[in-house]
Amino acid sequence: MSELKLFNSLTRQLQTFTPVHPGTEGDPNDPPEARVYTCGPTVYNYPHIGNMRAYVFADTLGRVLSYKGYKLTHVINITDVGHLTDDADAGEDKMEKMAAEKAQSIWDIAKHYTQAYWDDIKALNIRQPAHWSIATEYVPAMIAYAESIADKHCYELESGLYFDTSTVANYGALARAKTEDGEGRIEEVEGKRHAADFAIWRKTPAGETRQMEWDSPWGKGAPGWHLECSVMSEALLGLPFDIHTGGIDHREIHHPNEIAQNQARCGSDHSGAQFWMHNNFLIERSGKMSKSSGEFLRVQLLIDKGFHPLAYRLMCLQAHYRSELEFSWEGLQAALVRLKRMVMAVSNLKARHADTQTRHAELVSASIVPNEPTVEADKWALKQVQGDVAPGISVALKDFATAVEDDLNTAIAITSLETLIGLKKVDAAQHLGAIAEMDAVLGLNLQSLSRTDLRIRPKAAVITEAEIETALLLRKEARAEKDFAKSDAIRDDLIAKGVEVMDGDPLGWDWKLDI
Ligand code: AMP
Ligand code: ZN
């Protein structure tokens, strides 16, 4: 097995992935493992499509680890308590603030937005992690953890229990920050010893009651956000584990603070994870990704505008995860067309293979060929295919492997997939098997999507698909009867309703609704 290279933010270098738990060679009951922790959303609002880029990235990493033969244990947390309106220790609790604004209980807010996030996870074909760790379920463990490091590493102020960042070696190394950098980047709290110190327990201010608060040795209050991830990653994956992921903003404060806690818990040369990996940002210039903007850019908006969500997944995969990616509707449309080309080509291959199988069955029933098992159409996998793999297929598979092993270079991997799809005169079963193998990594559902699934279907359309199909049929009849006035009138009416008629379109769109 060739090596998997991943960019480690700790060293700012590509490093070969070697698992903490390598298993026993040749023992299927003790496979090599990969344990991955991903910082999940704070469920006080809908995630925007930028947030979802972070989970497409984590999912791709998980899929590549599975492809490389590791038994994957992936944890994503749900922060339903404790995240303040800025990354440090001042400001309001995001959850409490939204609950007050909406006059709802904080538990209802958390439930609603967790479900909305899970809907997006499903829409983007992100695999379910082994554990969704819900922060409020770990509060006793968080208190125990804080107690275990409090004496040596923390001090108490009126507002809470604070972590003293000078008590661990090289605090902030992940961010490449100097201690004084903290001055500008973190808001001051009266009495803190250093600007970068952070709350691991936030006390409920005297005379106030929070909707979510717990008793602790430091009084009633709630855990600090950074503490949550250290506790849940240790509880579910053990320390050290393999890879910790998040968006690039977490490289600056949240992850250095997690590392400081992990050092306090396990010793200074112990960051908690071997690799810290960060996706770069999705950017959008008009400000639509701000959660307060009217037409807020979330997955549901893409769907409402008529786009299949997997077009957005492909858009993410077209860029390297460490590059910024600029969102535009034109870019999304281009990704949709690219996806459609692949889906149509795969459908044609499937149809061709089904034909071959029918012919094979006829020959079997006429006792002309022996009845050998054939590959079931919905269970494509190259492993199931008998015989030597055609050279074109092997080359494409090798190029694909080289790309994903090179720090998840999905942009190149997609081109290997397209080369593979475009091969001519190769055995259809092998062809489909190899496509399935690549798609297991990219998650584009090429085998199950159909051309019509990818039709642009805006929610605001004033005409239904059935009405469009009927009008087009009438237009066809009018044209057959050379009644061009009628056919033009039908076309004009469709245009007025936002339907573009696309006669003879090679991609088979037939018609398209304006977005
Ligand atoms: P949050 O719910 O704010 O903690 O964010 C969830 C995840 O999205 C985190 O990993 C963030 O680093 C990541 N993130 C936030 N904004 C963007 C963006 N514009 N592009 C990509 N990732 C982002
Ligand atoms: Zn986290």
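Given the structure is predicted, the values throughout are model-derived calculations rather than measurements.

Moving on: the overall build of the protein chain. When its secondary structure is counted, the protein chain shows 15 helices and 15 strands. A burial count over the protein chain gives 52% of its 515 residues as buried. Long-range pairs, those at least 24 residues apart, make up 74% of the contacts in the protein chain with a sequence separation of at least 6. Carbon and sulfur atoms provide 50% of the accessible area of the protein chain, an area that totals close to 23300 Å². Taking the 55 positively charged and 75 negatively charged side chains of the protein chain as two groups, their mean positions are separated by 5 Å.

On to the sheet that holds strand β9 (residues 221-223). As summarised here, the arrangement of the four strands in space is β6-β7-β8-β9, forming an open sheet in which the pairing is antiparallel. Each edge of the open sheet carries a strand with a single partner, namely β6 (154-157) and β9. With strand direction ignored, the average angle separating the axes of adjacent strands in the sheet is 25°. Where strand β8 (residues 198-203) and β9 come together, three bridges link them in antiparallel fashion. Bridging from a neighbouring strand, lysine 203 pairs with glycine 221 of β9.

Relative to the helices and strands, asparagine 257 resides in helix α7 (residues 254-266). Within the structure, the side chain of asparagine 257 is placed 2.4 Å from the side chain of tyrosine 171, a separation counted as a polar contact. Apart from the residues lying within four places of it in its own chain, the contact partners of asparagine 257 are Tyr171, Phe198 and His226.

The next thing to look at is helix α6 (residues 225-237). The end-to-end C-alpha separation of α6 is 19 Å, in line with the 18 Å expected for 13 residues at 1.5 Å each. Within α6, 10 of the 13 residues are buried, which leaves the element mostly enclosed by the surrounding structure. Of all the residues in α6, the buried ones are Trp225, His226, Leu227, Glu228, Cys229, Ser230, Val231, Met232, Ser233 and Leu237. Backbone geometry just after α6 places glycine 238 at a positive phi near 75°.

This brings us to the sheet that holds strand β5 (residues 131-134). With parallel pairing, five strands are arranged side by side in an open sheet as β5-β4-β3-β10-β11. Of all the strands in the sheet, just β5 and β11 (273-279) have a single pairing partner and so form its edges. Averaged over neighbouring strand pairs, the angle between their axes works out to 20° when direction is ignored. Packing against the sheet, α6 makes contact with β3 (33-38), β4 (71-78), β5 and β10 (241-247), and its axis sits at approximately 160° to β3. Seen against the sheet, α7 touches β10 and β11 and runs at an angle of roughly 170° to β11.

Here we come to the coordination of the zinc ion (ligand 2). The coordination sphere of the zinc ion (ligand 2), as far as protein atoms go, consists of Cys39 (SG), Cys229 (SG) and His254 (NE2), spread over 2.0 to 2.2 Å. When the donor residues of the zinc ion (ligand 2) are listed from N- to C-terminus, their spacing reads C-x189-C-x24-H. Here cysteine 229 is found in helix α6, whereas its partner histidine 254 is found in helix α7, with 25 residues between them in sequence. Under the relative-accessibility criterion, cysteine 229 is labelled buried at 0%.

With that out of the way, let us pick up the pairing of strand β2 (residues 13-16). As judged from the four bridges shared by strand β1 (residues 5-8) and β2, these two strands associate in the antiparallel manner. Looking at β2, one finds that asparagine 8 is bridged to glutamine 13. Between β1 and β2, which pair antiparallel in sequence order, lie four residues; one of them, arginine 12, sits at a positive phi of approximately 55°.

Another aspect to go through is the pairing of β4. For β4, the buried fraction is high: six of the eight residues fall into the buried class. As for the winding sense of the linkage, the β-α-β connection from β3 through helix α1 (residues 49-67) to β4 is right-handed. One ladder, built from four bridges, connects β4 with β5; its direction is parallel. Within β5, the position partnered with isoleucine 76 by the bridge is tryptophan 132.

For the structure on display, the rule yields 21 salt bridges. Ionic pairing is found between glutamate 405 and lysine 68, a salt bridge with its closest N-O pair at 2.6 Å. Here lysine 68 lies in the loop between α1 and β4 and glutamate 405 lies in helix α11 (residues 391-405), a separation of 337 residues in the sequence. Both residues of the pair, glutamate 405 and lysine 68, belong to the buried class. A salt bridge links aspartate 407 to arginine 322, with the shortest nitrogen-to-oxygen separation between them at 2.9 Å. Separated by 85 residues along the polypeptide, aspartate 407 in the loop between α11 and α12 (410-421) and arginine 322 in the loop between α9 (309-318) and β13 (325-326) bring together distant segments of the chain. It is possible to trace a salt-bridge network through shared partners that takes in Arg475, Arg479, Arg491 and Asp503.

What counts, and at which threshold
Residues numbered from 1 in each chain as written. Chains lettered and ligands numbered in written order. Predicted model: local features only at pLDDT ≥ 70, side-chain atom pairs only at ≥ 80, totals over all residues. Heavy atoms only, no water. Helix = DSSP H or I, 4+ residues; strand = E, 2+ residues; numbered from the N terminus. Buried < 20%, exposed > 50% of the residue type's maximum accessible area, 1.4 Å probe, protein only. Contact = heavy atoms within 4.5 Å. Areas by Shrake-Rupley, 256 points an atom, 1.4 Å probe, with all protein chains shown as cover. Lys, Arg positive; Asp, Glu negative; His and termini not counted. Charge placed at Lys NZ, Arg CZ, Asp CG, Glu CD. Pairing = 2+ DSSP bridges. Axes fitted to C-alpha atoms, helices over the stretch in contact; angles between N-to-C directions. Polar contact = N/O pair within 3.5 Å; in protein donor to acceptor, adjacent residues only side chain to side chain. Expected span 1.5 Å × (residues − 1). Donors = N, O, S within 2.8 Å, 3.2 Å for Na, K, Ca; no water. Right-handed = clockwise from strand over helix to strand, strands pointing away. Salt bridge = Lys/Arg side-chain N within 4 Å of Asp/Glu carboxyl O.

Keep in mind that these numbers describe shape and distance, not what the molecule does.
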